[in-house]
Amino acid sequence: MSEQFDLTIIGTGPGGYVGAIRAAQLGMKVAVVEKRATHGGTCLNIGCIPSKALLHASELYEEAGHNFAKLGIAVDGLNVDLPGMLKHKDETVKSNTGGIEFLLKKNKITAFHGLGKIEGPGKVSVTSDEGETQTIDTKNIVIATGSDSANLPGIEIDEKRVVTSTGALDLETVPEKMIVVGAGVIGLELGSVWSRLGSEVTVVEYLDRILPGMDGEVAKNFQRTLKKQGFKFKLSTKVTNVDTSGDSLKVSVEPAAGGDAEELDADVVLVAIGRTPYTEGLGLEEVGVELDERRRVKIDNHYKTNVDGIYAIGDVVVGPMLAHKAEDEGVAIAEILAGQAGHVNYDVIPGVVYTSPEVASVGKTEEEVKDAGIDYKVGKFQMTANGRAKAMLATDGFVKIIADKNTDRVLGAHIVGKGAGEMIHELAVLMEFGGSAEDLARTCHAHPTMSEAVREAALGCGDGTIHM
Ligand code: FAD
Ligand code: NAI
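Values in this document were obtained by computation on a predicted structure and should not be read as measured data. (Residues numbered from 1 in each chain as written. Chains lettered and ligands numbered in written order. Predicted model: local features only at pLDDT ≥ 70, side-chain atom pairs only at ≥ 80, totals over all residues.)

1. Details of the overall build of the protein chain
Along the backbone of the protein chain there are 14 helices and 22 strands. Against the globule reference of 23 Å for 468 residues, the protein chain gives a C-alpha radius of gyration of 24 Å, in line with a compact fold. Seen through its C-alpha atoms, the protein chain measures out along the principal axes to roughly 70 × 60 × 50 Å. Looking at the protein chain residue by residue over its 468 residues, the buried ones come to 45%. (Helix = DSSP H or I, 4+ residues; strand = E, 2+ residues; numbered from the N terminus. Rg over C-alpha atoms; globule rule 2.2 N^0.38 Å. Buried ≥ 20, exposed ≤ 12 C-beta atoms within 10 Å, placed from the backbone.)

Structure follows, in structure tokens:
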């Protein structure tokens, strides 16, 4: 009789590999199936990690060019060594994906390489690149197959000149002109990388604002900062065609509401209009696993699909497409399958845009509390009034805290500023414990730190800030 596993997870992205490790910690016999040559999914191979390697390197380059002289550091002959930068990115990816390989082994998880397909409850087939198929017997199956870049109808991606985020992480030369379609997280992060390295970046966005879903005031303020950095924006505009026949790409755009078309030149077009759940080749139709209206795997509150023994987590299900959300769902499903009370608090999932300055948020936006009819108050503090920010020439940005007017409980927080992605976590912890703005305002914060701006914004929810 073949080996029987307690759990088989298809996909070893942040959802899958974290779920597998947690399940193994809880005593389950676990298998994972991954079609990619390395583990870590979109996040480690072509997403979070490589993008942050390039964002970090390009930010230092920009800082050296713009701020070093003001700080009294003379730099001669500052240059971009693009192959060197890409090498740093590739080595970062390799060391991270290798780390997952090690962790899977350490936790005695059996890893199958190949395309996983659900043959029925308790049966997963794995087909290798060579076409050989084997079958895994398992009590439970978790689908953690993630997502893929969404396509713009009629526009062909070649990952050289017309690229998704994957191609944009690997351009061999710095394009003179880049058009980014979509002012979401990918567009602004990868647009920032190439803009800092010298590209003229124009962002074409269908809606009348950038970063939909983020607090409106934050998005507006941040757009101004990006404009100062050289970004051009065409909002309420759609791309209708990309002509690739000449040396230069001809991008046809027109107002989203209809009107006169315009043609823009570009060397590279980055299509970043969102991601779609990845369910291809999984055999879901045959097994009868239902999808929702956006082709995500439909689940109940315990990640269970409509078929017994089959569960789903991460980008392939409802919710923000974020690595840490997928990881937390991986932990939760493992705990649920082990008979524990696995749980994710979806009200407290931080979101960070790793631009410069960073934009970080947790909880509700001002628009959301307004729409919910909540009596609320807002405390704000500008980074220009923060001593450490001045010392670091990092005064772009502000902190905004939204609290319930009657109970003082913090409902949402939004930070634009250097290190915002780190600073947001004191607010996440506060909110997880149901804390109030006064709790935060009365917590001693080290001086001089950017985090003092967070405390000041909390003070702003009460009697007022001290330093502004
Ligand atoms: P994935 O990471 O997509 O992993 C799914 C895995 O399943 C893949 O390895 C795939 O090969 C495998 N698979 C699919 N089908 C099969 C099959 N049939 N058989 C076997 N294997 C299969 N999120 C953040 O939180 N922070 C960031 O900074 C961030 N930056 C990003 C930057 C970019 C450019 C991109 C594209 C995404 C970024 N994300 C970021 C999003 C993040 O990558 C995803 O939310 C996260 O990877 C989702 O994890 P997952 O485990 O659900 O799926
Ligand atoms: P997104 O959903 O963040 O943004 C897509 C943007 O494209 C939106 O502003 C949308 O209005 C616009 N758009 C859609 N169709 C369009 C069209 N036809 N023409 C012009 N604009 C159009 O998606 P994005 O940036 O592709 O990122 C995908 C996912 O990856 C996101 O859900 C995000 O959570 C995740 N991600 C997270 C990161 C982070 O946490 N730092 C970094 C990168 C990606």
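The structure having been displayed, the exposition proceeds.
2. Here's the deal with the confidence of the model for the protein chain
Detailed reading of the predicted coordinates is not advisable wherever pLDDT falls low. Confidence along the protein chain averages 97 in pLDDT terms, with 100% of residues attaining 70 or more. For this predicted complex, the interface confidence comes out at an ipTM of 0.99, alongside a pTM of 0.98. (pLDDT = per-residue confidence, 0-100.)

3. Looking at the packing of helix α3 (residues 48-66) against helix α4 (residues 82-106)
It is the contact of α3 with α4, at a shortest axis distance of 9 Å, that shows an interaxial angle of 145 degrees. For the pair α3 and α4, the crossing hand works out as right-handed. Residues I49, P50, A53, L54 and A57 of α3 form the contact with α4, whose participating residues are M85, H88, K89, T92, V93 and N96. When its residues are assigned to classes, the contact of α3 with α4 shows seven nonpolar, three polar and one charged. (Axes fitted to C-alpha atoms, helices over the stretch in contact; angles between N-to-C directions. Left-handed = near helix turned anticlockwise from the far one by under 90°. Contact = placed C-beta atoms within 7 Å. Nonpolar A, V, L, I, M, F, W, Y, C, P; charged D, E, K, R; others polar.)

4. Structural notes on the site of ligand 2
Around ligand 2 lies a shell of 26 residues, among which G182, G184, I186, Y206 and I273 are the nearest. Only α6 (185-196), β12 (237-243) and β18 (351-353) provide two or more residues apiece to the shell around ligand 2. Class assignment for the residues of the shell around ligand 2 results in 18 nonpolar, four polar and four charged. (Near = placed C-beta within 6 Å.)

5. Quick word on the domain arrangement of the protein chain
If you check the domain split of the protein chain, you get domain 1 (5-149 + 276-338), domain 2 (162-273) and domain 3 (350-461). Distance from the C-alpha centre of domain 1 to the C-alpha centre of domain 3: 30 Å. Opposite the eight residues of domain 1 that make contact, domain 3 presents four residues. Looking at side-chain class alone, the side of domain 1 that touches domain 3 contains four nonpolar, one polar and three charged residues. (Domains from an automatic or database assignment.)

6. Concerning the nonpolar core
Grouped together as the largest cluster of nonpolar side chains are 127 residues, with contacts concentrated most on V181, V269 and L270. Per element, the largest residue contribution to this core is seven residues, and it comes from helix α9 (residues 323-337). (Core = buried A, V, L, I, M, F, W, Y, C linked by C-beta atoms within 7 Å.)

7. Side note on α6
Helix length check: α6, at twelve residues, gives a terminal C-alpha distance of 16 Å against a target of 16 Å (1.5 Å per residue), a fit within 8%. Taking burial as the measure, the twelve residues of α6 include twelve buried ones, the bulk of the element. V185, I186, G187, L188, E189, L190, G191, S192, V193, W194, S195 and R196 are the residues of α6 that are buried. At the exit of α6 stands G198, carrying a positive phi of roughly 125 degrees. (Expected span 1.5 Å × (residues − 1).)

8. What to know about the site of ligand 1
G11, G13, G41, G146 and G314 are the nearest of the 36 residues found near ligand 1. Elements supplying a minimum of two residues to the shell around ligand 1: α1 (14-25), β2 (30-34), α2 (41-46), α3, β4 (115-120) and α9. In the shell around ligand 1, the residues fall into 15 nonpolar, 17 polar and four charged.

9. Comments concerning the sheet that holds strand β8 (residues 162-163)
Two modes of strand pairing occur in sheets, parallel and antiparallel, and in both the strands are linked by backbone hydrogen bonds. Strands sit in the order β8-β15-β9-β10-β11 across an open sheet of five strands; the sheet is parallel. Only two strands of the sheet have a single neighbouring strand rather than two, namely β8 and β11 (232-234). Running over the sheet, α6 touches β9 (177-181), β10 (200-204) and β15 (268-271) and is turned about 165 degrees from β10. (Pairing = 2+ DSSP bridges.)

10. Topic: the UniProt feature "domain: Pyridine nucleotide-disulphide oxidoreductase dimerisation" (unreviewed entry) in the protein chain
Annotation from UniProt places "domain: Pyridine nucleotide-disulphide oxidoreductase dimerisation" (unreviewed entry) at residues 349-458. Across residues 349-458 one finds 34% helix and 28% strand; the C-alpha atoms that close the span lie 20 Å apart. (UniProt positions renumbered as here; feature names shortened; annotations may be inferred.)

11. Some points on the packing of α3 against α6
Between α3 and α6, the least distance of the axes is 9 Å, while the angle of their chain directions is 40 degrees. The handedness of the crossing between α3 and α6 comes out as left-handed. Across the interface between the two elements, S51, L54, L55, S58, E59, Y61 and E62 from α3 touch E189, L190, S192, V193 and R196 from α6. Taken together, the residues that form the contact of α3 with α6 break down as five nonpolar, three polar and four charged.

12. Comments concerning the sheet that holds strand β19 (residues 358-363)
Strands sit in the order β18-β19-β22-β21-β20 across an open sheet of five strands; the sheet is antiparallel. In this open sheet, the two strands that pair with only one neighbour each are β18 and β20 (376-382). Across this sheet, the average inter-strand angle for adjacent strands is 10 degrees, counted without regard to direction. Both β18 and β19 contribute to a ladder of three bridges, which runs antiparallel. Residue V353 lies in a different strand from β19, and its bridge partner there is V359. Sheet strands in contact with helix α7 (residues 216-228) are β19, β21 (398-404) and β22 (410-417), and its direction is about 0 degrees off that of β22. Packing of helix α12 (residues 420-432) onto the sheet brings it into contact with β18, β19 and β22, and relative to β19 it is tilted by some 10 degrees.

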